[in-house]
Amino acid sequence: MARILVVDDSRTSRKILKGILEGEGYEIVGEATNGLEGYEKYAELKPDVVTMDITMPVLDGIESLKKIKAEFPKAKVVMVTAAGQKTKMVEAVQSGADEFVSKPFEPNQLKLVIEKVIS
């Protein structure tokens, strides 16, 4: 099963994502609380997939995505968006995001997105 890095400044969101993904059999190899930490953990752990929140302190998800993709072009990144972030979603896709999921998380949708990105 795929190894996943969860990047989100919300502990609750990380916990929910982790619970859903582990329930589907995925291995959570790490967690990060901001975009810079997410980039650093990606470089260290080289997970199969990253779930990346857009709005975070230090370095936002889009800037973190750009850094990861610049250094690791084959990285698979799924952006996590809150309602009403359409312009940010467009920017994320233009910056190399592979897919996106919205909060609140719908377990089945999350599973389908991860499967799509991996295959």
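Fair warning: this is a prediction, and the values are worked out from it, not measured in the lab.

Moving on: the packing of helix α2 (residues 35–45) against helix α3 (residues 61–71). Between α2 and α3, whose axes approach to 9 Å, the crossing angle comes to 20°. Between α2 and α3, the crossing angle belongs to the class labelled roughly parallel. Every pair of crossing elements has a handedness; the one defined by α2 and α3 is right-handed. Contacts between α2 and α3 involve G35, G38, Y39 and Y42 on the former and, on the latter, S64, K67, I68 and E71. Along the lines of polarity and charge, the residues of the contact of α2 with α3 split into three nonpolar, three polar and two charged.

This structure, assessed with the given rule, holds one aromatic pair. Across the ring face of Y39, the terminal group of K67 is positioned such that the distance to the ring centre comes to 4.5 Å.

Turning to the sheet that holds strand β1 (residues 3–7), a few remarks are in order. Strand order in the open sheet formed by five strands is β2-β1-β3-β4-β5, and the pairing between neighbours is parallel. This sheet does not close on itself; its edge strands, each paired only once, are β2 (27–32) and β5 (99–102). In this sheet, adjacent strand axes meet at a mean angle of 20° when their direction is disregarded. As judged from the four bridges shared by strand β4 (residues 77–81) and β5, these two strands associate in the parallel manner. Across the sheet, residue M79 finds its bridge partner in β5, namely F100.

Here α2 has its buried residues at G35, G38, Y39 and Y42. Down the axis, α2 shows its buried residues gathered within 100° of arc, on one side only. Buried residues along α2 sit in contact with β1, β2, β3 (49–53) and α3. The opening residue of α2 is N34, an N-cap whose side-chain oxygen sits 3.0 Å from the backbone nitrogen of L36. Downstream of α2 by a residue or two, K46 has a phi angle that is positive, lying close to 45°.

Moving on: the pairing of β4. Among the five residues of β4, five are classified as buried, and the element is accordingly described as predominantly covered. Residue alternation in β4 divides its side chains into two sets, V77, M79 and T81 and V78 and V80, and both sets are buried. Note that β3 and β4 share four bridges and pair parallel. Across the sheet, residue T51 finds its bridge partner in β4, namely V78. You can see the chain leave β3, run along α3 and come back into β4, and the turn it takes is right-handed.

Attention shifts here to the side chain of D8. Among the secondary structure elements, D8 is positioned in the loop between β1 and α1 (11–23). On the basis of relative accessibility, which here comes to 0%, the residue D8 falls in the buried class. Side chain to side chain, D8 and K103 meet in a polar contact 3.3 Å long. Once residues within four sequence positions are removed from consideration, D8 is found in contact with S13, R14, A32, T33, D53, M56, V80 and K103.

What counts, and where the lines are drawn
- Residues numbered from 1 in each chain as written.
- Predicted model: local features only at pLDDT ≥ 70, side-chain atom pairs only at ≥ 80, totals over all residues.
- Heavy atoms only, no water.
- Axes fitted to C-alpha atoms, helices over the stretch in contact; angles between N-to-C directions.
- Helix = DSSP H or I, 4+ residues; strand = E, 2+ residues; numbered from the N terminus.
- Parallel < 35°, antiparallel > 145°, perpendicular 65-115°, else oblique.
- Left-handed = near helix turned anticlockwise from the far one by under 90°.
- Contact = heavy atoms within 4.5 Å.
- Nonpolar A, V, L, I, M, F, W, Y, C, P; charged D, E, K, R; others polar.
- Phe/Tyr/Trp six-rings, centres within 6.5 Å; stacked < 30°, edge-to-face > 60°.
- Lys NZ or Arg CZ within 6 Å of the ring centre and 35° of its normal.
- Pairing = 2+ DSSP bridges.
- Buried < 20%, exposed > 50% of the residue type's maximum accessible area, 1.4 Å probe, protein only.
- Arc of directions from axis to C-beta.
- Polar contact = N/O pair within 3.5 Å; in protein donor to acceptor, adjacent residues only side chain to side chain.
- Right-handed = clockwise from strand over helix to strand, strands pointing away.

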